[in-house]
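What follows is each chain in one-letter form.
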Amino acid sequence: RKLSERDYYEAKVGDSIVRLSPEQTIISMMQMGQLWFEVPIIKLNYKNDSLKSILEIDKSRSFASGMDFFRKPNGEVGGYKLSPFLDAANSADVKTNIQNEFIETNYAVGLLDQVITGAIFKIFPKPDAENNKWYSRPELDEAGFDREGDYNFVRDFIPAYTTLLREGNQTGDYLRANTALNSLFEFQKAYGAAVMPSAEKIEAEILYNNYDIFKNLYKWYVWFGVLMLILLIVEIVRPMREIRWAIIFHKYAVVGIFLVHTLGLGIRWYLSGHAPWSDAYESLIYVAWATMAFGLMFGRKSEMTIASTAFVVAIILWVAQLNWLDPSIANLQPVLDSYWLMIHVAVIVASYGPFALGMILGIVSMILMLFSTEKNKKKMDLNLKELTYINEVSLTVGLIMLTIGNFLGAMWANESWGRYWGWDPKETWALITIFVYAFVLHLRLVPGLKGRWTFNLWSILAFYSVMMTYFGVNFYLSGLHSYASGDQIISYNAIIGSLTFVAILAGLARWREKKIYPNKRIKK
């Protein structure tokens, strides 16, 4: 994924398409080494021709090989082509998109080299090593293994193992290869027992990877959420006992999916040893969990809320599975290695859940306005009142949590950076979001602005400030909270497209509401 932004390697061989799993790919790299340096596997940004010009390759190519970074068009091999640009990119306080691409591409080339040379496989513990450090085969001389048998084992293991694998491929018998793996495991237990995960944790991680819970969850959420939403709208138009049973089934199915979601977060917490909201991927699956949790809490008597929430949770989880996020379980960044991760981040990120719920309830309310007719307007009116009320409660809870989270963040900032407030972009946009939602919740006190159409529209528009606080600061701006500055996660075309959709939906809903529900207000 870090090389090609895909979960597999795919190539055309003759008239056939060959697809290798991650395990097959990495074993092939171990076996054939330098041949993989000629394989176009490093993803290039198709919109940016600057890097392709530097590499002197065809601008139509989407992937580059490792050798493309060294080989000239005449076939000669020269120096590393990115070297002249990396110093400026790494030293820049505010990096441009192309500078970030230089850094990310250089990382991918280095990663490919580490796999091919074996440097990535730090699988050999050394007795009495400082900080229980483990080594790879290229670090053999640096490690200084004292016993001759240990030195020979580290030196010979990977070549011997890949040879045995090749034999197994030919004969179908992998007994000798598995025996070699067992010898490695015994070596690790003998010298690295102090830092090796338990057998239970290893089995749990294998199970977690096999089921890939979060990659499949969004499909379940969208299936049951959308069907439940459709059934609820159909029931408003034409009530039937069979539809009511189907709605109840879907509601309990969503509850079951949420329990699986909770279990997945718990397993990830157990495997990583820290709260599962420490990076972009984890925070998204946590926001999805918080959104569904508040949806179920506020939707105990509103099935429309549960269905709507399941749909928006599906979108959040789908975004989490896109290739620009890394789902691997990693160590905490030093700045996050604090008990405040459990407190500040949990509260402030969870506050995005009620805001996301308010956004989707606003959209659903607009859609219900569109479907309102003289025949069903009483039932639609009841549903609109219900959704608007829940929306208001949801935004209130989100605002309270965001405000508390901001104060907690100031306390963490004082411990980490020696000041409570520094107008960092993340802090500033969190404050802006507080003001935005405070304005939305006070609309009911302003004459002429307390209609439910107005409130639901602003609950949608206000979510853009959350998106800026969450995505914009982390990926577009430079600051103490920016861990991926410069990556264009959401394009400007997507923002304009979404605003156009909201404008059209709101315009049609306003026209319909004025026709069917004249002078409706939020009543307290």
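Keep in mind that what you see is a predicted model, and the values were worked out from it rather than measured. (Residues numbered from 1 in each chain as written. Predicted model: local features only at pLDDT ≥ 70, side-chain atom pairs only at ≥ 80, totals over all residues. Heavy atoms only, no water.)

Participant: In this structure, what is going on with the environment of I432? I would like to understand it.
Facilitator: Following the sequence through the fold, I432 ends up in helix α16 (residues 425-441). For I432, a relative accessible area of 30% corresponds to the partly exposed category. With 87 residues separating them in the primary sequence, I432 and V345 have C-alpha atoms 18 Å apart. (Helix = DSSP H or I, 4+ residues; strand = E, 2+ residues; numbered from the N terminus. Buried < 20%, exposed > 50% of the residue type's maximum accessible area, 1.4 Å probe, protein only.)

Participant: Hey, could you run me through the nonpolar core in this one?
Facilitator: A general feature of soluble globular proteins is that nonpolar side chains tend to end up buried together. By size, the foremost hydrophobic cluster in this structure holds 93 residues, and its most contacted members are Y221, M292 and M366. Each residue touching M366, except ones within four places of it in the same chain, is listed here: W453, N456, L457, I460, L505, A506 and A509. Core analysis: the second largest hydrophobic core is formed by 42 residues, F69, L112, L140 and L165 among them. (Core = buried A, V, L, I, M, F, W, Y, C linked by side-chain atoms within 4.5 Å. Contact = heavy atoms within 4.5 Å.)

Participant: Looking at this model, I keep getting lost on the confidence of the model for the protein. Mind explaining?
Facilitator: Interpreting fine coordinate detail is not advised for predicted regions of low pLDDT. Residues of the protein with pLDDT of at least 70 account for 91%, and the chain-wide mean is 84. By mean pLDDT, helix α18 (residues 463-475) is the weakest element of the protein at 79, and helix α10 (residues 241-272) is the strongest at 93. In the predicted structure, residues 479-488 sits below a pLDDT of 50 and forms 34 contacts with residues beyond four places in sequence or in another chain. (pLDDT = per-residue confidence, 0-100.)

Participant: Is there a simple way to think about the packing of helix α11 (residues 280-298) against helix α12 (residues 303-320) in this case?
Facilitator: Packed helices, taken two at a time, are described by their axes: the angle between them and the distance between them. In the contact formed by α11 and α12, the axes pass within 9 Å of each other and the chain directions differ by 175°. It follows from the interaxial angle that α11 and α12 lie roughly antiparallel. Contact with α11, carried on its side by Y281, L284, I285, V287, A288, T291, M292, G295 and L296, involves T305, I306, T309, A310, V312, V313, I316, L317, V319 and A320 of α12 and no other residues of that element. (Axes fitted to C-alpha atoms, helices over the stretch in contact; angles between N-to-C directions. Parallel < 35°, antiparallel > 145°, perpendicular 65-115°, else oblique.)

Participant: What is the right way to read the packing of aromatic side chains from this model?
Facilitator: Aromatic ring pairs are reported here in terms of the distance separating the ring centres and the angle at which the planes meet. For the structure on display, the rule yields 21 aromatic pairs. Their ring planes at 35° and their centres at 6.3 Å tell us that F69 and Y80 sit as a pair that is tilted. A residue pair is termed long-range when its members are at least 10 positions apart, and F69 in the loop between β4 (63-64) and α3 (83-91) and Y80 in the loop between β4 and α3 qualify at eleven residues. Of the two residues, F69 and Y80, both sit in the buried class. A centroid spacing of 6.1 Å and a plane angle of 10° characterise the contact between Y286 and W289, whose relative ring orientation is stacked. With Y286 and W289 both in helix α11 and three residues apart, the pair spans about one turn of that helix. With relative accessibility at 7%, the residue Y286 sits in the buried group. Accessibility expressed as a relative area gives 24% for W289, which makes it partly exposed. By the ring-pair criterion, three or more aromatic residues cluster together here, those being F124, F153, F157, Y161, F187 and Y191. The ring of Y252 is capped by K251, whose NZ or CZ atom sits 5.7 Å from the centre of that ring. (Phe/Tyr/Trp six-rings, centres within 6.5 Å; stacked < 30°, edge-to-face > 60°. Lys NZ or Arg CZ within 6 Å of the ring centre and 35° of its normal.)

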